[in-house]
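# Observations on the model geometry
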Amino acid sequence: MFTLSTADRPYRMFVESMREGAATVSAGGTVLYANRRLAGLLSRPRESIVGSALSSFVAGGVDVALQLIRSVSEPGATIELDIVDVDGVSIPVLVGIAPLNVDGDDLTCLTFTDLSDQKAQAQEISRLGFAQAERLTQLQKAQAALTEQATQDALTSLPNRVLLLDRISRALTEARRTGLNVAILFIDLDRFKQVNDSHGHSVGDTVLRSVALQLSRAIRAGDTVARIGGDEFVVLAHEVDSSRQAVEIAKRLIEDLRQRSGAAADGGQVAASIGISFSIAGRGNPEALLEEADAAMYHAKSMGGARAEVFGVALGHQVHLRSAGRQLLRSALDQDRVIVHYQPIVDLTTARVAGFEALARIAEPDGSIVPPSAFIPAAEDSGLVVPLDQRVLHLACRQSSSWRPSTATDPPLTVAVNLSGRQFERGNLPSLVHATLEQAHLPPQRLHLELTETAIMDLRPDVMKQLGQIKELGVQIGLDDFGTGYASLTHLRRLPLTFVKIDQSFVQGLQRNPEDAGIVTAVIALAANLGLRSIAEGVETTGQLDRLRELGCDQAQGHLFARPMPPADVPAAIQRPPW
Ligand code: C2E
Ligand code: CA
Ligand code: CA
């Protein structure tokens, strides 16, 4: 059953703060919700109104009340009548009526504008000879505007979530009748946060408004575009033949938005990721369809953004895989089956091993080894990544403390540990790192921490503080997968970094793809400029290696040198490098 707690919060706050009375009523005429103002109008406590019949306070009783509910099919209708307060006093009100369908339940939203004052005024006016009718039309317009406000996003004037859900619900009802299909396109802007951060909120607002306009122009007549959150828009498309056609629509929207941002002078470089859910002949319910489209949108983002993905069997499968990954990791942590493999990082001027990156694995009871792709996504989602990283940090510090370079003149060997951004949430990362180093008797200079751009790039003060404290310990911090995230140059300068790792996707395209080659060249030059060491990941061919050397890259790792290896193999790899 509908309660207001299922409505979204801004809507609830809006309704509570209205100067008009408001109620939600079931099809049978029972009041499901009443706002504070209505209670005030009737001089009755809210609890006595909720659950009672609408006819208990509408003059004319049951007939009038039911007529109120059944008479409308479109939002914005109004009717003038009297309501009766606890003392039996009649109050003239203008009732605004809007049908609302929530989870298949037909409800009615009513607003009550107290006309006592206007009535007195109107009498005065008509006494003075003015047309009362005109006055009332104005009032009715005001009432319609009010209903609109409760269902409209203030910034863009698009329908909000409440109205969207209602429209989806109607579309599904209609589709069940016609047998046609409905598509939901969940649109999330890529890098919008960056626009807001670097250009300010007013530019952000401008971008949102122009995206709203763009989308409204792009959709077909009869379709709906709504804004349901910060940079989240939803398009409800009727009569879509197939999910393929929905993808075509999505691609067109992405292209439209891309062209807009290319032409924009406001710095609003905006791309969009779109997730699509599809209802065949009206099957499904509005909330679930929206959730599926949202999940597909996340998938589109994780594939690099600026693309469209359809919710389908595969994604349902992925959701399943995540829960499997979570279970796998939980039992591995409990049973101490998390192990670490090490991949050499090679100095490109000397071709000697400079250190190793610690990479998590799970050892299965049957002797097989599970790679991180099977459990890291689930670990991030569930927060299990926090104990996982701590376990890896502990093992890496302990196991590396006994590594010695092959000659006395070589610098001490380093160990690089990957940390999720979630490690910063508790605020105790510096003391945890310190304690781990002490326990393992590892000099802080030998520990490197690899963090991704998303983990640290929002420069939150608490994260900055912890990074500073870690640097104070003597531990080096570097940026992992550089180039794939949102790092901006100014941000880079403000972080206490000593190295960046060039993502393997760029390294692997180094010789095939001019765009990748450009990125690698720029990153190496940029790093040198900022006094940071550049480390290339995923080096697989001598061609790539030669090019990296030419560009002045400092260090590299990849299958060309060695694959990640168990700790027992590390001393031999140091003594007799396989490359
Ligand atoms: P990453 O930090 O970018 O690690 C490098 C990944 O590239 C490793 O995959 C490594 O085995 C792989 N790799 C190295 N050389 C080559 C190459 O020449 N070609 C190709 N195709 N791949 C190469 P791995 O071990 O599967 O790790 C995957 C990701 O999982 C890591 O990416 C890292 O993001 C995450 N991860 C691993 N261990 C941990 C951990 O302890 N904590 C956290 N938070 N994340 C971890
Ligand atoms: Ca890494
Ligand atoms: Ca990496």
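Residues numbered from 1 in each chain as written. Chains lettered and ligands numbered in written order. Predicted model: local features only at pLDDT ≥ 70, side-chain atom pairs only at ≥ 80, totals over all residues. Heavy atoms only, no water.

### Thoughts on the coordination of the calcium ion (ligand 3)
Distances from the calcium ion (ligand 3) to its protein donors, Asp480 (OD), Asp481 (OD), Glu537 (OE) and Glu537 (OE), fall at 2.1 to 2.5 Å. For the calcium ion (ligand 3), all donor residues lie on one chain, and their spacing in sequence is D-D-x55-E. For the pair the calcium ion (ligand 3) and the calcium ion (ligand 2), the metal-to-metal distance amounts to 3.8 Å, and Asp480 bridges them. Highlighted residues: Asp481 in strand β16 (residues 476-482) and Glu537 in the loop between β18 (533-536) and α21 (542-551), separated in sequence by 56 residues. (Donors = N, O, S within 2.8 Å, 3.2 Å for Na, K, Ca; no water. Helix = DSSP H or I, 4+ residues; strand = E, 2+ residues; numbered from the N terminus.)

### Some points on the side chain of Ser400
Residue placement: Ser400 occurs in helix α14 (residues 385-400). A polar side-chain atom of Ser400 sits 3.4 Å from the main-chain carbonyl oxygen of Cys397. Look past the residues within four positions of Ser400 in its chain and what remains in contact with it is Val415, Leu442 and Arg446. (Polar contact = N/O pair within 3.5 Å; in protein donor to acceptor, adjacent residues only side chain to side chain. Contact = heavy atoms within 4.5 Å.)

### Section: the coordination of the calcium ion (ligand 2)
The calcium ion (ligand 2) binds to the protein through Glu357 (OE), Asn418 (OD1), Glu450 (OE) and Asp480 (OD), with metal-donor distances spanning 2.1 to 2.3 Å. Between the donor residues of the calcium ion (ligand 2), the gaps in sequence give the motif E-x60-N-x31-E-x29-D.

### Here's the deal with the site of ligand 1
Taken together, 23 residues form the shell around ligand 1, and within it Arg361, Asp389, Gln504, Glu540 and His559 come nearest. Note that a nitrogen atom of ligand 1 is positioned 2.9 Å from one of the side-chain N or O atoms of Gln343. Between ligand 1 and Glu540 there is a distance of 2.5 Å, counted from a nitrogen atom to a side-chain nitrogen or oxygen. Bound to the protein, ligand 1 loses 81% of the 790 Å² it would expose on its own. (Near = heavy atom within 4 Å. Areas by Shrake-Rupley, 256 points an atom, 1.4 Å probe, with all protein chains shown as cover.)

### A few points about the sheet that holds strand β2 (residues 31-34)
Within the open sheet, the five strands sit side by side as β2-β1-β5-β4-β3. Their pairing is antiparallel. Both outer strands of the open sheet, β2 and β3 (77-84), are each paired with one neighbouring strand and no more. Between one strand and the next, the sheet's axes are offset by a mean angle of 30 degrees, whatever the strand orientation. Two elements, strand β1 (residues 21-25) and β2, share three bridges in a ladder whose sense is antiparallel. Bridged to Ala23 within β2 is Ala34. Seen against the sheet, helix α4 (residues 61-70) touches β1, β3, β4 (90-102) and β5 (105-114) and runs at an angle of roughly 155 degrees to β3. (Pairing = 2+ DSSP bridges. Axes fitted to C-alpha atoms, helices over the stretch in contact; angles between N-to-C directions.)

Read these as spatial facts, not as claims about activity.
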